[in-house]
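Coordinates in review
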Amino acid sequence: MAGSRGDERAWIRGAQSGSVPDLEALFRHHWPRAYRAAYLVVHDSAAAEDIAQEAFLAALRNLDRFDRRRPFAPWLHRIVVNRAIDWTRARRLRAEVELGEHVAAQPAPELDGTALGRISDLSPEHRAVVVLRYLLEYTPGEIADLLDLPRGTVNSRLRRGLDHMKELS
């Protein structure tokens, strides 16, 4: 769905004032990438939908603190990715307790099973930076800002994540 930066600012202004049509427009515009970011970190379509919805609601609840001069997508993606990392960590702990119960995830249509399989083998921290960099096309500096990490940590996680994926191929 096309939408200019001016449209986005108007939607945010309207959403901050309680306009339901502006909330809906903001949601429709940002939902596909928010869901995709969550899915690429958690590899579970139902969980990704829940995470993206919860993140979007959290963003809407905190719109009064959002700086309208900045783009909305990076702010939303930071919330989505952090929640997805938390979910992945919690799932890993549950899996240890449940003796490795595994729920099959549906593959994202844009990725083949091989690439998706390699990404899913990364730790949540490495997976998040690889997804943000190579699938959502953020720069390392933007990722550092999004995840509140030093840029060197982002670069290190990218390198380690990519090295691990190469080892698997």
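Given the structure is predicted, the values throughout are model-derived calculations rather than measurements.

Turning our attention to the packing of aromatic side chains. One pair of aromatic rings is described through two measures. These are the centre distance and the angle between the planes. Taken as a whole and assessed by the stated rule, the structure comprises eight aromatic pairs. Ring centres 5.0 Å apart and planes at 80 degrees place the aromatic pair Phe27 and Phe56 in the edge-to-face group. Highlighted residues: Phe27 in helix α2 (residues 20–42) and Phe56 in helix α3 (residues 45–61), separated in sequence by 29 residues. Given the relative accessible area of 32%, Phe27 is considered partly exposed. By relative accessible area, Phe56 is classed as buried at 2%. Each residue in the set Phe27, Trp31, Tyr35, Tyr39, Phe56, Phe66, Phe72 and Trp75 is aromatic and connected to the rest through ring pairs, giving one cluster.

Further remarks concern the confidence of the model for the protein chain. Mean pLDDT for the protein chain: 83, with 82% of residues reaching 70 or above. With pLDDT under 50 throughout, residues 96–111 is counted as low confidence; its partners more than four residues away or in other chains account for 19 contacts.

For the rest of this paragraph, the subject is the pattern of salt bridges. Applying the stated criterion across every chain yields a total of six salt bridges. Across the pair Arg78 and Asp148 runs a salt bridge whose closest N-O atoms are separated by 3.9 Å. One end of the pair, Arg78, is in helix α4 (residues 72–97); the other, Asp148, is in the loop between α7 (140–147) and α8 (151–168), with 70 residues separating them in the sequence. Residue class for Arg78 comes out partly exposed when judged on its relative accessible area of 29%.

Looking now at the side chain of His30. Mapping His30 onto the fold places it in helix α2. Contact partners of His30, with chain neighbours within four places excluded, come to Glu8, Phe56, Phe72, Ala73 and Leu76.

Within the largest apolar cluster, 48 residues are counted, with the highest numbers of intra-cluster contacts made by Phe72, Val80 and Leu132. Put simply, the parts of the chain that give this core at least two residues each are α1 (5–16), α2, α3, α4, α6 (124–135), α7 and α8. If one sorts the elements of this core by residue count, α2 sits on top with ten residues. Among all residues touching Phe72, those that are not within four sequence positions of it are Arg5, Glu8, Ile12, Leu26, His30, Phe56, Ala59, Leu63 and Phe66.

Conventions we followed
- Residues numbered from 1 in each chain as written.
- Predicted model: local features only at pLDDT ≥ 70, side-chain atom pairs only at ≥ 80, totals over all residues.
- Heavy atoms only, no water.
- Phe/Tyr/Trp six-rings, centres within 6.5 Å; stacked < 30°, edge-to-face > 60°.
- Helix = DSSP H or I, 4+ residues; strand = E, 2+ residues; numbered from the N terminus.
- Buried < 20%, exposed > 50% of the residue type's maximum accessible area, 1.4 Å probe, protein only.
- pLDDT = per-residue confidence, 0-100.
- Contact = heavy atoms within 4.5 Å.
- Salt bridge = Lys/Arg side-chain N within 4 Å of Asp/Glu carboxyl O.
- Core = buried A, V, L, I, M, F, W, Y, C linked by side-chain atoms within 4.5 Å.

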